[in-house]
Amino acid sequence: SNGVIAYINNGQTAVTAFKEITSQNVTSKIYDNKSIDSYLQVEWKNIKISDSGKYVCEAHVQYAEGKSEKVNEMLTITVQRPTLDDLVNVIQKLIAQADEDKENLQASKQKIENIEADLNTTNQKIQRITEEIETNKQNVKSIKVNIDTNITMLREDIFTNIHGINEDLDTCKRDIGNIRMDMDTSTSMLKEKLDINTRNIKTLEVVMDTNNMQIKKDINITIQTIKQIRVDIDTNITSLKKNIGHKYSRYPKHKSRFGY
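Residues numbered from 1 in each chain as written. Predicted model: local features only at pLDDT ≥ 70, side-chain atom pairs only at ≥ 80, totals over all residues. Heavy atoms only, no water.

As annotated in an unreviewed UniProt entry, the chain carries the name Centromere-associated protein E and is attributed to Biomphalaria pfeifferi.

Here you go:
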């Protein structure tokens, strides 16, 4: 036997191939369903006479019961030398391929010419772009000079303004100091006046409390006097009523001439 060409295991999706056979030339499928036949198919192209010989088609079977079995079949491959007809067919194919290659070469040549034309156009565009870039560089240099000049002038103006601002700040600081002194003086005076007013208010409160106490005493005396006057009035009224009753009881009653 000349060895193994290809094999596949159960549960394996890819086929392992030897003898320079690519996976495109080998197909296989193992089915668990016994009603479908599993297979391993090998398509061997560009085979050489030296590849002639005997090959073994071997299968390893694993049963559900755990029993395993190996079956194989001998395969003989005989590679024959090409005949004149085979050579004629090959030459015809080569001529057709040469014609096709010639057409492809002509098309490629035309593409190259088109590419060269495009390159020439592109080179012209690049030249124009280069000139524009050079012009832009000069413009940028001029702009940079102007910017540097403006920056220098701006710095000078800023320094001048900062000096003026510092002087204004110093003046403001002095003014603020004077205002603080005035505020401190005014605050001190206001505090003194507030203390005087507070003392006056306290004195006034004492006087008012004293007056209130005296007024309350006077009111109480007045109330007692009024009560005594009421008692005296009630006593006088009672005495007067008694005197009037006693006076009328001394005279007999007379009937009216009208018979009442």
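Take the overall build of the chain next. Within the chain one finds one helix and six strands. Taken from N to C terminus, the helices and strands of the chain fall in the order β-β-β-β-β-β-α. Here the chain, with 260 residues, has 5% of them falling under the buried criterion. Across the chain, contacts joining residues at least 24 apart in sequence account for 27% of those joining residues at least 6 apart. Carbon and sulfur atoms make up 56% of the accessible area of the chain, which totals about 23900 Å². (Helix = DSSP H or I, 4+ residues; strand = E, 2+ residues; numbered from the N terminus. Buried < 20%, exposed > 50% of the residue type's maximum accessible area, 1.4 Å probe, protein only. Contact = heavy atoms within 4.5 Å. Areas by Shrake-Rupley, 256 points an atom, 1.4 Å probe, with all protein chains shown as cover.)

A full pass over the atoms with the stated rule returns one salt bridge. The salt bridge involving Asp148 is made with Lys144; its shortest N-O contact spans 3.4 Å. Here the residue Asp148 and the residue Lys144 both occupy positions in helix H1 (residues 84-248), the gap between them amounting to four residues, near one helical turn. (Salt bridge = Lys/Arg side-chain N within 4 Å of Asp/Glu carboxyl O.)

So, about the pairing of strand E6 (residues 68-77). By the bridge criterion, 10 bridges tie strand E5 (residues 53-62) to E6 in an arrangement that is antiparallel. What sits directly across from Gly53, in E6, is Ile77. What sits between E5 and E6 in their antiparallel hairpin is a turn of five residues, with Gly66 showing a positive phi close to 100°. (Pairing = 2+ DSSP bridges.)

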